[in-house]
Amino acid sequence: MDIDTRLLRSFVAVAEEGTLTRAAERLFISQPALTKQIKQLEAALSAALFIRSRHGMALTTAGRSLAEQAPAVLDAWDHALRQTKGAADRERQVLRVGFVASAANEATPAIIAAFAQRWPGWRADMRQASWSNPSAGLATADVDVALLRLPFPGQERLRTRVLLGEPRWVALPAAHPLAARERIAFSELWDEPFVAAPATTGQWRELWLATDEREGHPVRIGAVTDQPDDWLNAIANGYGIALAPESSARFYARPGVVYRPVDGVSPSQVGVAWAPADDTNPVVQDFVRCCIDQAGN
């Protein structure tokens, strides 16, 4: 019997999280899609894996048995996948570098140049990910290393190193009444509609809505976007405002959108991340060192 590893990953997420809601956020998929995958796995195995109740998802005897074995199976597959892709990269002399939004800001070209000096003949292949993929493909072995905004969902399963901190500003429509201000208190923005990342991004979405820093004040969502261009258009068209890294004012400047410093909200962090399997990979580790050196840490 062949079982799709995607179904197995979904099962493990539900088993570990205990609810479909949290598991769906972790996997960046909708709850109905996750429910369908669990049913597909149960049908393939001819066994009920969970007892469903309003309190969550409890494992059956068969489910506990699978939960004991599945993580090792997935770890072995992930290791084989990374080893295979790594061998192909070494043959082509390519390091796949994922990044979200502006990556490490102005330090990025210097990081790439430093890596080229360490590994002549190698190329750092930069791959930008959408906001619905906050690990930039690292969690699925689509890249070897990533420059990311911390924290992100699944971070605890990867290695990370903080490179720099960056204030969070607010992006506003140019016609917004607060756009003329030099600085804005975050509490003044609580009642504004926000342009948000997709709900399936969970922790990532909450970070950029600053839900933990609203003193219980509810969030209003004016629009949902997954790409920088759509995000800018939504703000310029007046559908909402958004928190953004300070560097967005340089990297994503456009008519109709202004950026202002915000008081009362914590800064964001930029980090480099890699898989534990690459702790001894000299190419990945040299790239990490280049990131640390160029960031001044």
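Residues numbered from 1 in each chain as written. Predicted model: local features only at pLDDT ≥ 70, side-chain atom pairs only at ≥ 80, totals over all residues. Heavy atoms only, no water.

J.: Which residues make up the overall build of the protein chain, and what values go with them?
T.: When its secondary structure is counted, the protein chain shows nine helices and 13 strands. Relative to the globule expectation of 19 Å for 297 residues, the C-alpha radius of gyration of the protein chain, 21 Å, shows essentially globular dimensions. Its C-alpha atoms put the protein chain at 65 × 55 × 25 Å along the principal axes. Out of the 297 residues in the protein chain, the part that is buried amounts to 47%. When contacts within the protein chain are restricted to residue pairs at least 6 apart in sequence, those whose partners lie at least 24 apart make up 73%. With the model as given, the accessible surface of the protein chain reaches about 14,200 Å², and the carbon-plus-sulfur share is 52%. Placing the 31 positive and 34 negative side-chain charges of the protein chain at their respective mean positions leaves the two points 2 Å apart. (Helix = DSSP H or I, 4+ residues; strand = E, 2+ residues; numbered from the N terminus. Rg over C-alpha atoms; globule rule 2.2 N^0.38 Å. Buried < 20%, exposed > 50% of the residue type's maximum accessible area, 1.4 Å probe, protein only. Contact = heavy atoms within 4.5 Å. Areas by Shrake-Rupley, 256 points an atom, 1.4 Å probe, with all protein chains shown as cover. Lys, Arg positive; Asp, Glu negative; His and termini not counted. Charge placed at Lys NZ, Arg CZ, Asp CG, Glu CD.)

J.: Could you give me a rundown of the environment of Val 14, with the residues and numbers involved?
T.: Note on placement: Val 14 falls in helix 1 (residues 5-17). Note on Val 14: relative accessible area 0%, which makes it buried. The sequence separation of Val 14 and Gly 240 amounts to 226 residues, and the corresponding C-alpha distance is 34 Å. Sequence-distant contacts of Val 14, that is, excluding residues within four places in its chain, are made with Thr 19, Leu 20, Ala 23, Leu 34, Ile 38, Phe 50 and Met 57.

J.: So, the pairing of strand 1 (residues 50-53): which residues are in play, and what are the values?
T.: Two strands pair when backbone bridges link them, and strand 1 and strand 2 (residues 56-59) are joined in this way by four bridges, in the antiparallel orientation. Residue pairing across strands places Ser 53 opposite Gly 56, the latter belonging to strand 2. Counting the residues between successive antiparallel strands, the hairpin from strand 1 to strand 2 contains two residues. (Pairing = 2+ DSSP bridges.)

J.: Please set out the pairing of strand 7 (residues 168-173) residue by residue, giving values where relevant.
T.: Of all six residues that make up strand 7, six are buried, and the element is covered over most of its length. Where strand 7 and strand 11 (residues 242-245) come together, four bridges link them in antiparallel fashion. If you follow Trp 169 over to strand 11, its bridge partner there is Ala 244. Relative to strand 12 (residues 257-263), strand 7 runs antiparallel, the two sharing five bridges. Paired with Val 170 across the bridge in strand 12 is Arg 260.

J.: Quick one: what's the story with the environment of Ala 175, residue by residue and with numbers?
T.: By the element assignment, Ala 175 lies in the loop between strand 7 and strand 8 (184-185). The class for Ala 175 is exposed, based on a relative accessible area of 75%.

J.: Tell me about the packing of aromatic side chains, and please be specific about residues and values.
T.: The final tally for this structure, using the stated rule, is six aromatic pairs. Pairing Phe 115 with Phe 287 gives two aromatic rings, centres 5.7 Å apart and planes at 70°, and the pair type is edge-to-face. A residue pair is termed long-range when its members are at least 10 positions apart, and Phe 115 in helix 5 (residues 107-118) and Phe 287 in helix 9 (residues 282-295) qualify at 172 residues. According to the relative accessible area criterion, Phe 115 is buried, its value standing at 1%. Taking the centre distance of 5.6 Å and the plane angle of 65° together, the rings of Trp 119 and Trp 122 count as edge-to-face. Lying across the ring of Phe 194, Arg 214 places its NZ or CZ 4.7 Å from the centre. (Phe/Tyr/Trp six-rings, centres within 6.5 Å; stacked < 30°, edge-to-face > 60°. Lys NZ or Arg CZ within 6 Å of the ring centre and 35° of its normal.)

J.: Tell me about the packing of helix 5 against helix 9, and name the residues and values.
T.: The packing of two helices is summarised by the inter-axis angle and the distance between the axes. As a packed pair, helix 5 and helix 9 sit with axes 9 Å apart at the nearest point and diverge in direction by 135°. Comparing the axis directions of helix 5 and helix 9 gives the class oblique. Pair helix 5 / helix 9 crosses with right-handed handedness. Residues Ala 110, Ile 111, Ile 112, Ala 114, Phe 115 and Arg 118 of helix 5 touch helix 9, and the partners they reach there are Val 283, Asp 286, Phe 287, Arg 289, Cys 290, Cys 291, Asp 293 and Gln 294. A breakdown of the residues in the contact of helix 5 with helix 9 according to their chemical character gives nine nonpolar, one polar and four charged. (Axes fitted to C-alpha atoms, helices over the stretch in contact; angles between N-to-C directions. Parallel < 35°, antiparallel > 145°, perpendicular 65-115°, else oblique. Left-handed = near helix turned anticlockwise from the far one by under 90°. Nonpolar A, V, L, I, M, F, W, Y, C, P; charged D, E, K, R; others polar.)

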